[in-house]
Every structure is written in structure tokens, then in C-alpha cells.
Amino acid sequence: MMYIRRYNYLRLYGYPVFAVFLYLILILLNSDESNLQGWKFYTIIDFITEGLFCLIFTIVLFESGLWVSQILHNKTISKKNSMPRFIFQLVVHIIIVSILVVLFFNIDLPLKYGYDDLLLRRTLIIGLIFSILITTGLTAEQLFLKWNESKLEAIENKKQALQSELNALKLQLDPHFLFNNLSTLTSLIEENQITAVQYVTNLSAVYRYVLSNRNKNLIVLKTELDFIKEYLFLYQIRYGSSIIIDIADTDTLDHLNKFIAPLTLQLLIENAIKHNSFSRTAPLLIRIYYEEHWIIVQNNKLPKFTKEPSEGIGLAHIDHSYRLLGSILPEVYDLENSFEVKVPLLNN
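Overview of the structure. (Residues numbered from 1 in each chain as written. Predicted model: local features only at pLDDT ≥ 70, side-chain atom pairs only at ≥ 80, totals over all residues. Heavy atoms only, no water.)

Let us now look at the overall build of the chain. When its secondary structure is counted, the chain shows 10 helices and 7 strands. Taking all 348 residues of the chain together, the buried fraction comes to 39%. Considering only intrachain contacts with a sequence separation of at least 6, the fraction spanning at least 24 residues in the chain is 77%. Accessible surface, the chain: about 20400 Å² in total, of which carbon and sulfur atoms supply 63%. (Helix = DSSP H or I, 4+ residues; strand = E, 2+ residues; numbered from the N terminus. Buried < 20%, exposed > 50% of the residue type's maximum accessible area, 1.4 Å probe, protein only. Contact = heavy atoms within 4.5 Å. Areas by Shrake-Rupley, 256 points an atom, 1.4 Å probe, with all protein chains shown as cover.)

In C-alpha cells, the structure reads:
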């Protein structure tokens, strides 16, 4: 059971310490002159016996509280209202402890112990006080656990919502990507069949990468860069020297084994091509370089005279990916002459 696992340390260390503390309280409460005289006849066995009584009382006090708390915790109705549960749990605990105390004092014990009616009332009062403290502590614990569970559930719901939105975005991206390249391939088959074969080979490799990694949230940067080289071949065939892409040398970089959200670089390159006008005389310049724990994709701005309808799918996809990962979000800088996106490199 849940509470059995959670309170093992309390049983092992707390109960003996509390029993000693309780024994000292009972000594103070039962320290009138007649009882002091009775202690003269005590043996070690008597002190051990009273110590065992205190230990048994401690066990009953806590275990009954834990037992009542666990039963109420498993009841759905008790989870809705904390105050009625607290009152009910306290009353039940007090009744259980009081019954056991009265039964104990009805045992025929030696007179030298001084277990009279006055000590019975004092013990009942002690049981009442500790019942209040234990019930309050257990109720507060349950409220904290309930709050923590609600917080974790909210985080999980948010994560699932982000994942659903991200999956929906991926479904929008793939047809758009395939449509553009099939249009290029149609014209290329008529002009140059050898190049068309290479184009189909790279297109299948790129699409295989998209399909195999669409359900992943992280991928090694080196793998993403290898994919980008195959992806860029498609644009080199399609646009020629109208697009110039400069990828910083990665042979000596330590962060090649870092991670990035899949398709991030592809989306940023496609975003730059979609929103800019370019030609051989005024090419689109795209740079991919690094700053500490960031990879940066930057392009010069050559805005189209007629803007295409845009739903912001690419940037939304990247933003959702990193929100899902719970990491630092990408930074977007839309400057006068350039557009720049800084993407964090992550550890696995």
C-alpha cells in the first residue's frame, strides 16, 4: 500500500523516539508524591514494561491515523471536500484512540504504577492533542500531494496539447514540400533525364528522412546537417546560382553531437526561399553558422512585391517543437536588411 512504503522511516526511527518523548511526558504528569514513593519499588522490568506501553500507544496513535487517512484517500467522495474529510478523520481517530486508552486502563496493573482515573483523563487529553496534530499533518500532506499531482497533470496536458498541434503542423508541411519538388521534377524529366534520376534519388532520401523522423522530438545535429546537404541539392537544381547557401565548417566543432528538433534547418531554409524574391543578379544569401550553444540561420531580405499568403507554419512548427521539449526557445530577429533565427543546441 502507498502509505506503508512512504512511512517506513517514521516506523523505524520516529516511533522509538516518540515513545521516549511520550514516556517523559507521562512521568511529568504522574510525578506527584505518592507516585514518587511508588518508584522506589520499581525494577528494570517495570521501566521496560512502561516503555513498551508507551511504544504500543505510539504505534496505535500513528497507525490508526495512517489507516483512517488511507481509507479516506481511496474514497472518491473524500477528495472533493477537504474540511469535511478533516473533521470526519479527526473524530474517527479520536474515537479509536480513546477506546484503546480506556481498554488499556481497565487492565489490572500493579498499584505502584499509579494508573488511576486522573492519569486516564490526562492520557485521553494527550491522545486528543496528538490526534489533532497527526490528522492535521496527514491532511496537509494529502493536500500537497493533490496539488502536486494537479500541477504534473496540467504540465502533461499542456505537453500533449503541444504534441497534437505539432503533429498537425507536420501533416501540413509534408504535402507542401512534396508538391514543390514534384513540380520541378516534371519539367526536369523533359530537359535532362540523368539529372532527373539524381533528383529523384535525393528527393526519396529527403522524404525518407522526413517520414522516419517526423515522430521524433530530437535528432543529432550531424544527422540534420547531412540531411540538409541532400535537401539543398534539390534547390540547386531548381534555382541554380540564384540561391547561395554558406554552411560553416563543422569538422572541428564539438557540438556536432548536440541535438536539435528535426526539420528545423529545412523549415528555416524553406521559409527564407518562400518569403524572398531572388535572381542570379540578386541572389538569396543564406548562412548557417554557430555561436556557443546556438546554431543560427540568417538570410538577406529581398521581400517580394506581392506577398504570398502565409500561415506561419514553419516558425510555428519550430516554436512548438521547443516548447514541447521544455527548453530555451528559438530567438527570431527580423531586422531591416536580414532575417535571423537562433536555434538552441541541446543535450540529449
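Structure shown, so let's carry the discussion forward.
A few words now on the pairing of strand β5 (residues 294-300). Counting buried positions over the 7 residues of β5 gives 7, a clear majority of the element. Alternating residues of β5 divide into Trp-294, Ile-296, Gln-298 and Asn-300 and Ile-295, Val-297 and Asn-299, and every residue in both groups is buried. Two elements, strand β4 (residues 284-291) and β5, share 6 bridges in a ladder whose sense is antiparallel. In the strand pairing of β5, Glu-291 is matched with Trp-294. Between β4 and β5, which pair antiparallel one after the other, the connecting turn spans 2 residues, and Glu-292 there sits at a positive phi close to 50°. (Pairing = 2+ DSSP bridges.)

Let us now look at the environment of Ala-272. Of note, Ala-272 is situated in helix α9 (residues 264-274). Considering only alpha carbons, one finds Ala-272 and Asn-300, 28 residues apart in sequence, at a separation of 8.7 Å. Here Ala-272 is in contact with Leu-284, Ile-286 and Asn-299, once residues within four sequence places are set aside.

Before going further, it helps to spend a moment on the sheet that holds strand β7 (residues 338-344). Spatial ordering of the open sheet is given by β2-β4-β5-β7-β6, a layout of 5 strands whose pairing is mixed. Two strands close off the open sheet at either side, each with one partner strand: β2 (243-247) and β6 (331-334). In this sheet, neighbouring strand axes are inclined to one another by 10° on average, regardless of whether the strands run parallel or antiparallel. Two elements, β5 and β7, share 7 bridges in a ladder whose sense is antiparallel. Bridge pairing links Asn-300 to Ser-338 in β7. With respect to the sheet, helix α8 (residues 221-239) is in contact with β2, β4 and β5, its orientation differing from that of β2 by roughly 160°. Of the strands in this sheet, β2, β4, β5 and β7 touch α9, which is tilted by about 150° from β4. (Axes fitted to C-alpha atoms, helices over the stretch in contact; angles between N-to-C directions.)

As a further point, take the nonpolar core. Taken as a class, soluble globular proteins show a tendency for nonpolar side chains to be buried jointly. Of all hydrophobic cores here, the largest spans 44 residues; its most connected members are Phe-227, Tyr-231, Ile-260, Ile-269 and Ile-295. In terms of residue count, the dominant contributor to this core is α8 (9 residues). (Core = buried A, V, L, I, M, F, W, Y, C linked by side-chain atoms within 4.5 Å.)

This part is about the packing of helix α7 (residues 193-213) against α8. Contact geometry for α7 and α8: axes closest at 9 Å, N-to-C directions at 145°. Relative to α8, the crossing made by α7 is left-handed. Counted together, Thr-195, Gln-198, Tyr-199, Asn-202, Leu-203, Ala-205, Val-206, Tyr-209 and Val-210 of α7 and Thr-223, Glu-224, Phe-227, Glu-230, Tyr-231, Phe-233, Leu-234 and Ile-237 of α8 form the full contact between these two elements. (Left-handed = near helix turned anticlockwise from the far one by under 90°.)

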